[in-house]
Amino acid sequence: MPPDRFFINSSSAYRMACAAIFIATAIRGGDAVEFKEYNLTLTLPPIENATTQINPTEDCRQVWEGSMGGSRIKITFLAFPMSKFHLINPDDALTFVVDNQVKLDPALKLLKRETVIGPYGSVAHAGFLHATMKRNAPSGIVDSGYMALCGAAINDAYAVEVFSTPPADAGTSATIANFLKKGIVYNGKVYDLKWTDQEALDRWKRDVPPEVKGAPEIRRTKHYIIFTNSSSGELFAKKMEECYDTIQKIYPFPETPPRRLMPVFLFRTSDQYNLYYSKIAGVSVEAASKSKGHAWRDYYATSYDAPNDPVHIHEATHQIFMNRLWLSGGGSWFQEGVAEFVTTKHNDRNDASRMVKKHQSPPLPEFVKIQSLLYSPSDAKREGDTGAARYKEAALLIEFFHEAPALKAKFPQFLAAIGKLLPNDADAIDAAFKTLYNTSIAEMDAAYLKYCESRN
Ligand SMILES: [Zn+2]
């Protein structure tokens, strides 16, 4: 089974070094600032007593500070190469920026995350986020508000962040959100959503080790671009679209805003797949050979086996949740749960149900905190405690939210709410259960036990 990415691994090289010289400026609402190298124009909100940073650093192009509606406001404009940080789309960039922010301010709590449609960049959408945090200020730890919007400008991702201390009131928050959603306009080249042949070949050349000989065949379907040196490309392409349809049926989602086709690498042999995985993830070929396929970053890679191998739909689910629905949070229980629920049938989850009934499965408040179900230390009391067994328990938990009479009507809201949470945040999951079902996580655990007891 593959390692899955829930969050982008951020590079330690990334620093938002924004300490610099500031000059005083008056910013009236409606002042436009152009960043020609990114083809972007920002129309600023009104800021009192504003200062502007004048000497940009590598990532941080400009900073404005001042006050608005009783809060101290800081706006930063960051830009960074997509490829340097393995970012593919605006939502990846948002996850990356927030991940970095969480390292600085571990108390960051997400209030809202959404994808907004508009002329934000080389794809016509952006990631928007609203959170609260505790910032380390010269005066000590201060409660603050945080909003950010991330877009793509061909080779670069950009982020506009707004910090407010104390957290902006409702009126000021609305002004800031309006600035981020309406005040950022891109006027440059847009991506070819189907990829050009040259882009496809460049991608193959960049990521596939030279030992894998020959140019790939490029196959495009409605949702995927498939790079393959296997003669089974046509059948496999059909299979991937079938997987997509099945996943969309189980987790009903509308077609997402226009996006680039999702890349899939299909290798002729498992040896070639292992070489690819070893190169791109920097793991040994032996470690790579333990998996049959993996979804990571924007792609799914595998070698040709039986088209009905469950690995394809399991990984396709990860890829869709991560790159199409932007629901990459919640934690291992949620990500593996949704992937394994699609892969398994009701009876495949019977053993997991027995584990819950015998109290041999961790109670929910603990289960949701496990960082990796695959690699978690095994519990000596449990027999046959393997990653596979834990995956089934995660699938059973998704079954519970999908099928329990009191919960099933809100299944889409459950997916949307949990998938946007930071991973393994039991308090946030508890709060989400209370909002959605008026039930705490401890009460949900009791309901889950009851569900398993009455389950056939
Ligand atoms: Zn998985």
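Residues numbered from 1 in each chain as written. Predicted model: local features only at pLDDT ≥ 70, side-chain atom pairs only at ≥ 80, totals over all residues. Heavy atoms only, no water.

Examining the environment of N323
Reasoning step 1: For N323, the position within the fold is in helix 7 (residues 310–323).
Reasoning step 2: Judged by relative accessible area, N323 falls into the buried class, the value being 3%.
Reasoning step 3: For N323 and R297, which are 26 residues apart along the polypeptide, the C-alpha to C-alpha distance reads 8.2 Å. (Helix = DSSP H or I, 4+ residues; strand = E, 2+ residues; numbered from the N terminus. Buried < 20%, exposed > 50% of the residue type's maximum accessible area, 1.4 Å probe, protein only.)

Describing the packing of helix 9 (residues 350–357) against helix 14 (residues 441–454)
Reasoning step 1: Running from N to C, helix 9 and helix 14 cross one another at 125 degrees; their axes reach a closest spacing of 9 Å. One way to sum up the angle between helix 9 and helix 14 is to call them oblique. Crossing of helix 9 against helix 14: the hand is left-handed. Along its contact with helix 9, which presents S353, V356 and K357, the element helix 14 presents Y448, L449, C452 and E453.
Reasoning step 2: Its residues placed into classes, the contact of helix 9 with helix 14 shows four nonpolar, one polar and two charged. (Axes fitted to C-alpha atoms, helices over the stretch in contact; angles between N-to-C directions. Parallel < 35°, antiparallel > 145°, perpendicular 65-115°, else oblique. Left-handed = near helix turned anticlockwise from the far one by under 90°. Contact = heavy atoms within 4.5 Å. Nonpolar A, V, L, I, M, F, W, Y, C, P; charged D, E, K, R; others polar.)

Overview of the packing of aromatic side chains
Geometrically, a pair of aromatic rings is defined through the distance of the ring centres and the angle of the planes.
Reasoning step 1: If you walk through the whole model with that rule in mind, you get 34 aromatic pairs.
Reasoning step 2: Ring geometry for F227 versus F265: centroids 4.8 Å apart, planes at 25 degrees, classification stacked. Linking F227 in strand 13 (residues 224–228) with F265 in strand 14 (residues 262–267), this pair joins segments that are 38 residues apart in sequence. Take F227 and F265: they sit in the same class, and that class is buried.
Reasoning step 3: An aromatic cluster of at least three residues, connected via ring pairs, comprises Y251, F321, W333, F334, F400, F401, F411, F414, F433, Y437, Y448 and Y451.
Reasoning step 4: The cationic tip of K74 hangs over the ring face of F163; the distance from NZ or CZ to the ring centre is 5.9 Å.
Reasoning step 5: In this structure, R135 packs its charged tip against the face of F163, placed 4.3 Å from the ring centre. (Phe/Tyr/Trp six-rings, centres within 6.5 Å; stacked < 30°, edge-to-face > 60°. Lys NZ or Arg CZ within 6 Å of the ring centre and 35° of its normal.)

Describing the domain arrangement of the protein
Reasoning step 1: What the domain assignment reports for the protein is domain 1 (22–186), domain 2 (197–320) and domain 3 (332–454).
Reasoning step 2: One C-alpha centre belongs to domain 1, the other to domain 2, and the line joining them spans 34 Å.
Reasoning step 3: By the criterion of area lost to domain 2, the three top residues of domain 1 are H86, I88 and H125, representing 60% of everything that side buries.
Reasoning step 4: Our count for the domain 1 to domain 2 interface comes out at zero salt bridges.
Reasoning step 5: Between the two partners, domain 1 and domain 2, sit one residue pair in polar contact (both at pLDDT 80 or more).
Reasoning step 6: Its residues assigned to classes, the side of domain 1 that touches domain 2 comprises two nonpolar, four polar and one charged. (Domains from an automatic or database assignment. Buried area = accessible area lost by both parts, 1.4 Å probe. Salt bridge = Lys/Arg side-chain N within 4 Å of Asp/Glu carboxyl O. Polar contact = N/O pair within 3.5 Å; in protein donor to acceptor, adjacent residues only side chain to side chain.)

Remarks on the pairing of strand 12 (residues 217–220)
Reasoning step 1: Where strand 12 lies against strand 13, four bridges are found, and the strand directions are antiparallel. Residue pairing for strand 13: E217 is matched across the bridge by T228.
Reasoning step 2: Connecting strand 12 to the antiparallel partner strand 13 that follows it, the hairpin turn spans three residues. (Pairing = 2+ DSSP bridges.)

Some points on the sheet that holds strand 15 (residues 293–296)
Two orientations exist for strands paired in a sheet by backbone hydrogen bonds: parallel and antiparallel.
Reasoning step 1: An order of 12-13-14-16-15 is seen for the five strands of this open sheet, with the pairing classed as mixed. For this open sheet the edge positions go to strand 12 and strand 15, each flanked by a neighbour on one side alone. On average, each strand axis in the sheet is tilted by 15 degrees relative to the strand beside it, whichever way the strands run.
Reasoning step 2: Bridge count for strand 15 against strand 16 (residues 299–303) is four bridges, and the pairing is antiparallel. Across the sheet, the residue bridging to H294 is A301, located in strand 16.

Description of the pairing of strand 13
Reasoning step 1: Within strand 13, five of the five residues are buried, which leaves the element mostly enclosed by the surrounding structure.
Reasoning step 2: Here strand 13 shows no split at all, with Y224, I226 and T228 on one side and I225 and F227 on the other all buried.
Reasoning step 3: Here five bridges tie strand 13 to strand 14, and the two strands are oriented parallel to one another. Bridge assignment links Y224 to a residue of strand 14, and that residue is M262.

Remarks on the nonpolar core
Reasoning step 1: Counting residues in each nonpolar core, the largest one holds 60 residues, and the members touching the most others are Y251, F401 and F414.
Reasoning step 2: It is helix 11 (residues 387–403) that contributes the most residues to this core, eight residues altogether.
Reasoning step 3: When residues of this core are sorted by domain, at least three fall in each of domain 2 (197–320) and domain 3 (332–454). (Core = buried A, V, L, I, M, F, W, Y, C linked by side-chain atoms within 4.5 Å.)

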